[in-house]
Amino acid sequence: MLTTEELIDAYVADVARLLPRRQRRDVALELTTLLRDELADSDDPVARLRAFGRPAEVAARYGQPPIAVDPADTRRFVRLGVAGVLVIWLLGVAAASDVVDWYRTYGLPAFWWPGFLVVAFGLGGWARRRWPDRFAWRPRRSAAGRIVRSGRIAAFAFYVAGTVVLVNAAWLLDQLGAAPQAVQALTFTREFAQFRGPLVLALLTATLVHHLVVTIHGRWRPVTRTVGMLLGLAICAVLTWVLFAGPVYLSADADRTAKFWVAVIVAVSLVDLLIEVGRLVRQRAAGPMAPPLGAI
């Protein structure tokens with residue numbers, strides 16, 4: 001059975017061990033004096049010490065302990081961590097040959113991503129504390145909701161051209177005099193061309209129209225954001241169905257490659273949807289706000 005003095009010495013030693021060396025002596029002396037007064041008339045010194053707090057909690061009162069992720073970054077860290085792991089898992093669905101292969105090459109190894117984020121966020125927090133002036137907030141004109149029309153027009157032209165090529169790849173190769181094997185490789189299966197293909201094309205067309213409407217307005221509005229999220233959700237659902245409903249192309253190699261990129265598109269779209277949902281939740285939680293000066 002330890003005496004009260006021995007209990008205090010053990011407790012103080014556990015606290016001091018968690019502090020920087022330059023603080024240990026001063027904190028140990030101060031804490032020992034405090035605990036002697038605290039436990040002078042105690043019948044149960046162990047219970048009193050436990051009520052005083054765990055050694056780690058007490059050490060934190062004497063200075064900020066080193067942390068890997070700043071509390072202010074925790075929400076963003078969790079979002080990026082979960083989204084990154086989901087993206088790796090979805091890519092693995094298209095690339096792996098079976099469940100065991102997926103688990104060994106993508107399932108468990110995907111957790112390198114949260115580890116990387118811990119290091120990245122830790123370095124970022126250290127830099128902010130080391131050079132606070134460089135990372136200080138600086139006022140700037142709000143551009144909430146605005147878009148860059150020139151960039152959106154260029155993206156619209158690119159998406160239209162890509163959609164045309166995607167739908168007519170076999171025909172274009174045939175017109176360019178490509179080998180019959182290449183034309184056959186990029187020919188859609190009958191099952192895909194009958195229903196899944198037209199549905200995907202309809203959603204792509206609706207997305208292009210939505211893109212054009214936002215470009216004409218020059219900024220995002222609540223209704224266009226909502227429509228964009230619904231379209232994104234519908235596209236993710238249909239493309240996920242495409243991944244598992246059967247072959248898309250007659251060639252097995254072309255089909256495997258196409259489904260890999262479909263998985264990439266689904267993963268990126270899901271991340272984008274999560275970001276949009278988070279933005280919408282934050283806006284609603286903040287309540288109605290005055291419009292930016294440039295919008296008045």
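Our subject is the structure listed above.
Every chain is numbered on its own, with residues counted from 1 as its sequence reads. The model is predicted, so local features are restricted to residues of pLDDT at least 70 and side-chain atom pairs to those at 80 or more, both for listing and for counting; the totals for chains, interfaces and linings are taken over all residues. Side-chain measures were taken over the full set of non-hydrogen atoms in the model, leaving aside hydrogen atoms and water.

Visitor: What am I meant to see in the overall build of the protein here?
Guide: Strands are runs of DSSP state E lasting at least 2 residues, helices are runs of H or I lasting at least 4, and numbering of each runs from the N terminus. Looking only at helices and strands, the protein has 13 helices and zero strands in total. The secondary structure elements of the protein, listed N-terminal to C-terminal, are α-α-α-α-α-α-α-α-α-α-α-α-α. Across the 296 residues that make up the protein, the buried fraction comes to 29%. Here the contacts in the protein between residues at least 6 apart in sequence split such that 70% fall between residues at least 24 apart. Partly exposed describes any residue whose relative accessible area lies between the buried limit of under 20% and the exposed limit of over 50%, with all areas from a 1.4 Å probe on protein chains only and scaled to the type maximum. Contact between two residues is taken to exist if any of their heavy atoms lie within 4.5 Å; hydrogens are not considered.

Visitor: It is not clear to me how the side chain of Asp-73 should be interpreted in this structure. Could you clarify?
Guide: Position of Asp-73 relative to the elements: it lies in the loop between helix H4 (55–61) and helix H5 (74–95). In protein, a polar contact requires one atom able to donate a hydrogen and another able to accept it; more generally it is a pair of N or O atoms within 3.5 Å, and residues adjacent in sequence count only if both atoms are side-chain atoms. Looking at Asp-73, its side chain comes within polar contact range of the side chain of Arg-128, at 2.4 Å. If sequence neighbours within four positions are ignored, Asp-73 has contacts with Phe-121 and Arg-128.

Visitor: Whenever I open this one, helix H11 (residues 190–217) confuses me. Can you help?
Guide: Along an α-helix, a turn takes 3.6 residues, which lines up residues three or four apart on a common side. Here H11 contains 28 residues, and its C-alpha end-to-end distance of 40 Å stays within 8% of the 40 Å for a straight helix at 1.5 Å per residue. Phi turns positive one or two residues past the end of H11, at Gly-218, with a value near 85°. In this scheme, a helix's expected span is set at 1.5 Å multiplied by one less than its residue total.

Visitor: Explain the pattern of salt bridges to me, please; I cannot follow it from the model alone.
Guide: Side chains carrying opposite charge are able to pair once their charged atoms draw close together. Salt bridge criterion: a side-chain nitrogen from Lys or Arg within 4 Å of a carboxyl oxygen from Asp or Glu. Going through the model one piece at a time under the given rule, you end up with eight salt bridges. Its salt-bridge partner being Glu-5, residue Arg-36 comes within 2.6 Å of it at the nearest N-O pair. Within this pair, whereas Arg-36 is found in helix H2 (residues 21–38), its partner Glu-5 is found in helix H1 (residues 4–16), the two being separated by 31 residues in sequence. For Arg-36, a relative accessible area of 43% corresponds to the partly exposed category. By relative accessible area, Glu-5 is classed as partly exposed at 34%.

Visitor: I'm lost on the packing of aromatic side chains in this one. Help?
Guide: How two aromatic rings sit relative to each other is set out by the distance from centre to centre and by the angle between their planes. For Phe, Tyr and Trp, rings pair up if their centres lie within 6.5 Å, where Trp contributes its six-membered ring, and each pair is then called stacked (planes under 30 degrees apart), edge-to-face (over 60) or tilted (otherwise). Counting across every chain of the model gives eleven aromatic pairs. Ring geometry for Tyr-11 and Phe-52: centres 6.3 Å apart, planes at 70°, overall edge-to-face. Of this pair, Tyr-11 sits in helix H1 while Phe-52 sits in helix H3 (residues 45–52), and the two are 41 residues apart along the sequence. You can call Tyr-11 buried: its relative accessible area is 8%. Between Phe-188 and Phe-192 the ring centres are 5.1 Å apart and the planes differ by 35°, which places this aromatic pair in the tilted class. Looking at Phe-192, the relative accessible area reads 8%, which means it is buried.

Visitor: Honestly, the packing of H2 against H3 in this entry has me stumped. Any pointers?
Guide: How two helices pack is summed up by the angle between their axes together with the distance between the axes. Their axes nearest at 11 Å, the elements H2 and H3 cross at an angle of 130°. Classified by the interaxial angle, the pair formed by H2 and H3 is oblique. Where H2 crosses over H3, the two elements pack in a sense that is right-handed. Between H2 and H3, the contacting residues are Leu-31, Leu-34, Leu-35 and Glu-38 on the first element and Arg-48, Leu-49 and Phe-52 on the second. Grouping the constituent residues of the contact of H2 with H3 by class yields five nonpolar, no polar and two charged. Under this scheme, a helix contributes an axis fitted over its contacting stretch, all axes are lines through C-alpha atoms, and angles between N-to-C directions fall in the 0 to 180 degree range. Every angle not falling under 35 degrees, over 145, or within 65 to 115 is termed oblique; those three ranges are roughly parallel, roughly antiparallel and roughly perpendicular. Left-handed is the label given to a crossing in which the near helix is rotated counterclockwise from the far helix by less than a right angle, and right-handed is the label when the rotation is clockwise. Under the convention adopted here, Pro, Cys and the residues Ala, Val, Leu, Ile, Met, Phe, Trp and Tyr are nonpolar, Asp, Glu, Lys and Arg are charged, and Gly plus all remaining residues are polar.

Visitor: Where do I start with a nonpolar patch on the surface in this structure?
Guide: Like-charged residues are merged into a patch within 9 Å and nonpolar side chains (Val, Leu, Ile, Met, Phe, Trp, Tyr) within 5 Å, provided each residue has over 30% relative accessible area and no salt bridge. Only the protein chains shown count as cover for residues, and all accessible areas are computed by the Shrake-Rupley method using a 1.4 Å probe. A cluster of nonpolar side chains, Val-78, Val-82, Leu-86 and Leu-274, forms an exposed patch at the surface whose accessible area comes to about 330 Å². The dominant element in the nonpolar patch, judged by the number of residues it contributes, is H5, at three residues. If you trace the backbone, Leu-86 turns up in helix H5.

Visitor: For this particular structure, what's the right way to read the environment of Val-82?
Guide: For Val-82, the position within the fold is in helix H5. Placed 32 residues apart in sequence, Val-82 and Pro-114 show a C-alpha to C-alpha distance of 8.1 Å.

Visitor: Honestly, the nonpolar core in this entry has me stumped. Any pointers?
Guide: Taken as a class, soluble globular proteins show a tendency for nonpolar side chains to be buried jointly. Definition used in this section: a nonpolar core is a set of buried Ala, Val, Leu, Ile, Met, Phe, Trp, Tyr and Cys residues joined via side-chain atoms within 4.5 Å. Counting 17 residues, the largest nonpolar core has Leu-239 and Val-242 as the members making the most contacts within it. Taken together, the elements giving at least two residues each to this core come down to H11, helix H12 (222–244) and helix H13 (252–286). Filtering out sequence-adjacent residues up to four positions away, Leu-239 remains in contact with Val-200, Val-262, Ile-265 and Val-266. Judged by nonpolar contacts, the second largest core, of 15 residues, contains Leu-7, Tyr-11, Leu-39 and Phe-52.

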